[in-house]
Amino acid sequence: MIKKLMIFILLFSATSGISASAFGETGYKADSSLWIRAVVHTIEKGNIEAVWQKGGENATSAGDRVIWGYFYASPSDVNWGSLQNPDVFVKIWFDRSGRVDVNFFHVSVPDIEVWSDYPAPGTADQHGTLTLTQRYIRQYYTGDSQSGMEINAEDGNPASGYFPAGKPSGSSIINDLRIAAVIKTLEKGNIEAVWSQGGSDTTAGGHTVVWGHFYASPSDVNWGSTENPDLFVKIWFDAGGRVDVNFFHVSVPDIEVYSDLPYDGTYSKKGTAILKDRYIRHEYNTAFALQNLIVTAETPAAECKVPLSQTSFTGKDLIAWADYQNMESGKSYTFEWYSPDGKLAQKDTRTAVGTEIRGCSWIKIPMGRLDEYGSGTWTVRFYYDGQKYGEEQFAYIAGNSQSEFKIVKFVMTDASPPAQCGSPVSRTDFGSTVSEVFAWVDYQNFEGGKDYEFTWYAPDGSIVMKAADSRSEFSNGCSYNSLLGEELRLYGTGQWTVEFCYGNRRVCEKTAFYFNR
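Counting of residues starts from 1 at the beginning of each chain's written sequence and follows it residue by residue. It should be noted that, the model being predicted, local features are given only for residues of pLDDT at least 70 and side-chain atom pairs only at 80 or more, the latter also being counted only at that level, while totals for whole chains, interfaces and linings use all residues. Values reported for side chains reflect all heavy atoms of the structure, with hydrogen atoms and water molecules removed beforehand.

Description of the overall build of the protein chain
In this description a helix means any DSSP run of H or I spanning at least four residues, a strand means any run of E spanning at least two, and both kinds are numbered starting from the N terminus. When helices and strands are tallied, the protein chain shows three helices and 37 strands. Its C-alpha radius of gyration of 38 Å places the protein chain more than 25% over the 24 Å reference for a compact globule of 517 residues. If one aligns the C-alpha atoms of the protein chain with their principal axes, the spans along those axes are about 135 × 60 × 55 Å. Of all 517 residues assigned to the protein chain, the portion counted as buried reaches 47%. With residues, only the protein chains shown are counted as cover, and all accessible areas are computed by Shrake-Rupley using a 1.4 Å probe. Just so you have it, the protein chain exposes about 24800 Å², and 47% of that area is on carbon and sulfur atoms. For the charge count, each Lys or Arg is scored as positive and each Asp or Glu as negative, with His and the chain ends excluded. Taken as the charge centre is NZ of Lys, CZ of Arg, CG of Asp or CD of Glu, depending on the residue. Averaging the positions of the 45 positive and the 62 negative side-chain charges in the protein chain gives two centres separated by 1 Å. C-alpha atoms define the radius of gyration in this analysis, and the globule rule sets the expected value at 2.2 Å times the number of residues to the power 0.38. Burial here depends on accessible area, computed with a 1.4 Å probe over protein chains only, as a share of the maximum for the residue type. Under 20% is buried, over 50% is exposed, and the range in between is partly exposed.

Structure representation (structure tokens):
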């Protein structure tokens, strides 16, 4: 009998232990009377139970009590999970009136379900889902045993109609990021909030996270405390170079938020978080970016002033100039010059000494090397850390070249010439019904800045029309001009002549056609 009784007691204890364990596995007691739970909807593992981490607790002089903390994904479930990578911030306010507010703030990417129960018999009273656009959920319990839920749609933009103008000293985080917050209190007006860093970590994917909160100093207001967060902050330094600074309003008064990266004495981004617009996101990009790649004959000026960009040169030293953002110390950059036939004529590689948020570099290629590889269309390329970021082409005429310009084809036609210098059908005689006659010239090595001219001569040798123009860039291309049929008919039947001249008549060529009126 005693043996049977012992078995019953052990069985009862085991059963009670399973029940208590099951309650613990699906949520946590934030305190003796409040139960909370969060489930993260991951791509990798499906739904996983988030782990609760209590941050702190405090009681105000007025008799209110606050508990704060956060839920995070377990690293045993997903490789980005970490004690130092919060997914849901939580602030719980036990008001002296008996009301309890459970505030959940989504600070992750996947959807996250949240529950609460008060008082906690084991069955959830409130349940909601946090998302990227539904970042805030408040589950509340009144003193008369009623409960409810409030959800805020958030887009990360600051509330409109507010104009932060403070100059807070702020706090330096890492990677030259500075953040600040100013609380607009009833008691003391604007006060600068105090930063408290909670932790930081680097994920398996190379991303770095820093989190913490701002709070009102107890020397400013009697409700201020390091254990009473007013603004949660989570900062994500993405491995790809993007930086997200996420602010979450967890107080009552309006709070101005500020950030700058890199910090230069002023804040480039600011906004005001309010009760109805709690979430503000500041985004920066610290990835390397090429702004300009320019070929020029100018010696670059100091302070990275952008030089004159040109696309056509004759017999001179040239410079490839690049300006960029976020060049990292120790990384290499390369300029490569390719001749008209695709051969690598020159390659210059340098290593960055010190990180440059904004900077420039340039390399010269001598005229002798350009002349060695010859005239035509050259290419210069810019590489950073082994990856090509830019390419520019330019025309070069060797300094030892004589008259490089030449006319390849000069024809007459009655059809509008095709696009992209397609050769038209050539004709040498036209009848009275023709509506328009075109003179079309195909050429090579037209130097930028040079002019050209078409001259039309009637059968009696008189000049009917002159048409001049110029090209600003080097070109292997074509040009055409036309005369209407009604103009031709005014001058009668016979042999007409059209002359094309290049470079102030340095090169001229004529062609003839017959018109029968």
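Brief notes about the confidence of the model for the protein chain
Mean pLDDT over the protein chain: 89, with 93% of residues reaching 70 or higher. Counted against residues more than four places away or in other chains, residues 1–24, with its pLDDT under 50, gives three contacts. Per-residue confidence from the predictor is reported as pLDDT, a score between 0 and 100. Throughout, a contact is declared for two residues whenever any of their heavy atoms are within 4.5 Å.

Here's the deal with the environment of Ser423
Within the secondary structure, Ser423 is located in the loop between strand E30 (406–413) and strand E31 (429–430). Classification of Ser423 as partly exposed rests on a relative accessible area of 42%. Along the chain, Ser423 and Val411 lie 12 residues apart, while their C-alpha atoms are 9.0 Å from each other. Once you skip the residues sitting within four places of it in the chain, Ser423 turns out to touch Lys409, Pro418 and Trp440.

A look at the pattern of salt bridges
Whenever Lys or Arg places a side-chain nitrogen within 4 Å of a carboxyl oxygen from Asp or Glu, that contact is recorded as a salt bridge. Counted according to the given criterion, the structure contains 23 salt bridges. Here Asp220 makes a salt bridge to Lys188, at a shortest N to O gap of 3.9 Å. Note that Asp220 is positioned in the loop between strand E16 (208–215) and strand E17 (231–237) and Lys188 in the loop between strand E13 (178–185) and strand E14 (189–192), a separation of 32 residues in sequence. Asp220 sits in the partly exposed class, given a relative accessible area of 25%. Judged by its relative accessible area of 45%, Lys188 is partly exposed. Arg427 is paired through a salt bridge with Asp414; the nearest N and O atoms lie 2.6 Å apart. Note that Arg427 is positioned in the loop between E30 and E31 and Asp414 in the loop between E30 and E31, a separation of 13 residues in sequence. What you see here is one network of salt bridges that share partners, running through Asp95, Arg99, Asp101, Arg138 and Glu150.

Looking at the sheet that holds strand E35 (residues 478–484)
The antiparallel open sheet is built from three strands, whose spatial order is E30-E32-E35. Every other strand in the sheet has two partners, leaving E30 and E35 as the edge strands with one partner each. Here the average twist between neighbouring strands, direction ignored, is 15 degrees. The pairing of E30 with strand E32 (residues 436–444) spans seven bridges and is classified as antiparallel. Counted as the bridge partner of Lys409 is Asp442 from E32. Here, strands pair whenever DSSP counts at least two bridges between them. Axis lines are fitted to C-alpha atoms, over the contacting stretch for helices. Their N-to-C directions set the angle, which ranges from 0 to 180 degrees.

Description of the sheet that holds strand E22 (residues 289–296)
Taken in spatial order, the three strands line up as E22-E24-E27 in an open sheet, and their pairing is antiparallel. Two strands bound the open sheet, and with one partner strand each, they are E22 and strand E27 (356–365). Going from strand to strand, the sheet's axes swing by 15 degrees on average, the running direction of each strand aside. Sheet topology note: the E22/strand E24 (residues 318–327) ladder contains seven bridges and is antiparallel. Looking across to E24, one finds that Thr296 is bridged to Ile319.

Concerning the pairing of E14
As paired strands, E13 and E14 are joined by four bridges and run antiparallel to one another. Paired with Val182 across the strands is Glu192, a residue of E14. Once E13 ends, the chain turns through three residues before running back antiparallel as E14.

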